[in-house]
Amino acid sequence: MPRPRSTSLRLLAALACLVATARAQEASAPPDPVPAAAPAIEPTTAAAPDPAGEARPGVDRNALRRLVLTANPLLWPLAFCSIVTVGFALERLLALRRKRVAPADFVDRFLERLAAGKLDRDRALELCKAHDCVAGRVFGHAVRAWGRPGAEIRQIVASDSAGEVVEMKRNLRVLSGMATLGPLLGLLGTVVGIIQSFDALGGQAGPQRGEMLAQGISLALVATAFGLAIAVVAVASYYFLLNKVDVLTRIVDEHAREVVDMVAGDYIRPPAVERRIPLGPPPGDAARPSHETRVV
C-alpha cells in the first residue's frame, strides 16, 4: 500500500509544477494589445501645435461675424436701409392693387346704373362714399358737380383728383432715395473696412501680412455688395410701382370721363323709345311723297 500512495503523490506534484510553469509563462509573455497602444499615442502628438500648419492661408470663419458686430459699423445702417426698402416696396404693392384702387364690380355697377338713369345725385354720392377707393372718390368729385356743363366738371375733377395721384405715388420717393443711399453707404463701409485693415497690419511682418490684408479687404467689400443689392431691389421696385401707378391712373381717368359725360348738364341721354319705320304711308296723307316716313 505505501508504494501506490507515493506514486500518486509524485503525479500530483508533477501536475502542480506544470500548472505553475504555464501560469508563469502567461504572466511573463508580452500582452497582445501592445501594437495597438502606439496609435493611441498618435492623437496626442497630432494635437500638438504644428508651426508649419499655422502658416497656411485661410479665412477665419468668425471673421464676418466679428466684422458685423464690431469691425465695420456701416453695416448697421445698411441693414436698416434694406429693411426700409423691402417694407415700403411691400406696402406699395398691397396698396396699388386693382381691387383697392378701382374695384371692377363697383365701377361696372355704378356706370351701368348711372347710364340707365337709376341714380340721382344723392344716391350716386352715397354709393361713392360707401366705397373707400380712388375710383369712388374721383366719381364723387364729378357727382358733386351734377348738372353743370361738361367742361366745367372736367376742370373740377382734374383739380380735386390731383391729390389722389399724389397719394398713389406716396413712399415711392423713399425707394428712389434708398437706390441712391445704399451704394454710397456700401462704398463708405468698404473704405472704412480697408482703413481698419491697414491699421491692423501695423505690427505684422512676414507672409502673414499679405494674408491678413487680403482677408480684411475681402470682408470690407461685403459692405459694397450689400449696398449694391439694396440699390438693385429699390430701383426695380420703384420703376415697377411707378408703371403700375400710371396704368391705374389711366383706368380711373377713362371711367371718370364716362361719369362726367353722364352727369353733365349738356349731356343728351339717348331716348329709350323704340324707333319704327312704317311699311306704308299713313292714312290721310296720300298726297305726301312715298319716301317720307314718320317716327313713332
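Preceding block: the structure.
Colleague: Now, about the overall build of the chain: what can you tell me, with residues and values included?
Modeller: Within the chain, the secondary structure is distributed over 13 helices and zero strands. Reading the secondary structure of the chain in the N-to-C direction produces α-α-α-α-α-α-α-α-α-α-α-α-α. Within the span of the chain, comprising 296 residues, buried residues form 27% of the whole. Counting contacts in the chain only where the partners sit at least 6 residues apart, residues at least 24 apart contribute 74% of the total. For the chain, the exposed area adds up to about 20200 Å²; of that, 62% sits on carbon and sulfur atoms.

Colleague: Go over the side chain of Arg92 with me, naming the residues and quoting the values.
Modeller: Mapped onto the fold, Arg92 is located in helix 5 (residues 75–95). If near-sequence neighbours (up to four positions away) are discounted, Arg92 is found in contact with Glu167, Met168, Arg170, Asn171, Leu172 and Leu241.

Colleague: Kindly report on the nonpolar core, identifying the contributing residues and their values.
Modeller: By size, the foremost hydrophobic cluster in this structure holds 37 residues, and its most contacted members are Phe110, Phe139, Ile153 and Val259. At the level of elements, helix 7 (104–115), helix 8 (121–130), helix 9 (134–144), helix 10 (150–160), helix 12 (172–200) and helix 13 (207–263) are the ones that each hand at least two residues to this core. The element that contributes the greatest number of residues to this core is helix 13, accounting for nine residues. Ignoring sequence-local partners within four residues, the contact set of Phe139 consists of Phe106, Val107, Phe110, Cys128, His255, Ala256 and Val259. Counting 11 residues, the second-largest nonpolar core is a separate cluster that includes Cys81, Val84, Met178 and Ala223.

Colleague: Which residues make up the packing of aromatic side chains, and what are the values?
Modeller: All chains considered together, the criterion is met by four aromatic pairs. Aromatic pair Phe106 and Phe110: ring centres 5.8 Å apart, planes at 40°, arrangement tilted. Pair noted here: Phe106 and Phe110 are both in helix 7, with a separation of four residues, about one helical turn. Overall, Phe110 belongs to the buried group, its relative accessible area being 0%. Aromatic ring contacts, followed pair by pair, group Phe106, Phe110 and Phe139 into a single cluster.

Colleague: Explain the pattern of salt bridges residue by residue, including any values.
Modeller: Going through the model one piece at a time under the given rule, you end up with eight salt bridges. As a salt-bridge pair, Arg257 and Asp253 come within 3.2 Å of each other at their nearest N and O atoms. Of this pair, Arg257 and Asp253 both sit in helix 13, separated by four residues, roughly a single helical turn. Of the residues examined, Asp253 reaches a relative accessible area of 35% and is grouped as partly exposed. Three or more residues are tied together by salt bridges with common partners; here these are Glu91, Arg92, Glu167 and Arg170.

Colleague: An account of the side chain of Ser237 is requested, with residue identities and associated values reported.
Modeller: Here Ser237 lies in helix 13. Overall, the relative accessible area of 16% leaves Ser237 in the buried class. One polar contact links the side chain of Ser237 to the main-chain carbonyl oxygen of Val233, over a distance of 2.8 Å.

Colleague: Now, about the packing of helix 8 against helix 9: what can you tell me, with residues and values included?
Modeller: Running from N to C, helix 8 and helix 9 point in directions that differ by 160°, and their axes come no closer than 8 Å. Between helix 8 and helix 9, the angle falls in the class roughly antiparallel. Classified by chirality, the crossing of helix 9 by helix 8 is left-handed. For the pair helix 8 and helix 9, contact is made by Arg121, Ala124, Leu125, Cys128 and Lys129 and by Gly136, Phe139, Gly140, Val143 and Arg144, respectively. Within the contact of helix 8 with helix 9, the residues separate by chemical class into five nonpolar, two polar and three charged.

Colleague: Mind laying out the environment of Gln215, listing which residues take part and the relevant values?
Modeller: Topologically, Gln215 is positioned in helix 13. Given the relative accessible area of 18%, Gln215 is considered buried.

Colleague: Tell me what's going on with helix 7, and back it up with residues and numbers.
Modeller: Under the 1.5 Å per step criterion, the end-to-end length of helix 7 is 16 Å for 12 residues, consistent within 8% with the ideal 16 Å. Directly after helix 7, the chain includes Gly117, whose backbone phi takes a positive value near 75°.

Colleague: Let's hear about helix 10: which residues, and what values?
Modeller: All of the buried residues in helix 10 are Gly150, Ile153 and Val157. Axial view of helix 10: buried residues confined to an arc of 60°, hence all on one face. Away from its buried face by more than 90 degrees, helix 10 exposes Gln155 and Ala158.

Procedures and definitions
Residues numbered from 1 in each chain as written. Predicted model: local features only at pLDDT ≥ 70, side-chain atom pairs only at ≥ 80, totals over all residues. Heavy atoms only, no water. Helix = DSSP H or I, 4+ residues; strand = E, 2+ residues; numbered from the N terminus. Buried < 20%, exposed > 50% of the residue type's maximum accessible area, 1.4 Å probe, protein only. Contact = heavy atoms within 4.5 Å. Areas by Shrake-Rupley, 256 points an atom, 1.4 Å probe, with all protein chains shown as cover. Core = buried A, V, L, I, M, F, W, Y, C linked by side-chain atoms within 4.5 Å. Phe/Tyr/Trp six-rings, centres within 6.5 Å; stacked < 30°, edge-to-face > 60°. Salt bridge = Lys/Arg side-chain N within 4 Å of Asp/Glu carboxyl O. Polar contact = N/O pair within 3.5 Å; in protein donor to acceptor, adjacent residues only side chain to side chain. Axes fitted to C-alpha atoms, helices over the stretch in contact; angles between N-to-C directions. Parallel < 35°, antiparallel > 145°, perpendicular 65-115°, else oblique. Left-handed = near helix turned anticlockwise from the far one by under 90°. Nonpolar A, V, L, I, M, F, W, Y, C, P; charged D, E, K, R; others polar. Expected span 1.5 Å × (residues − 1). Arc of directions from axis to C-beta.

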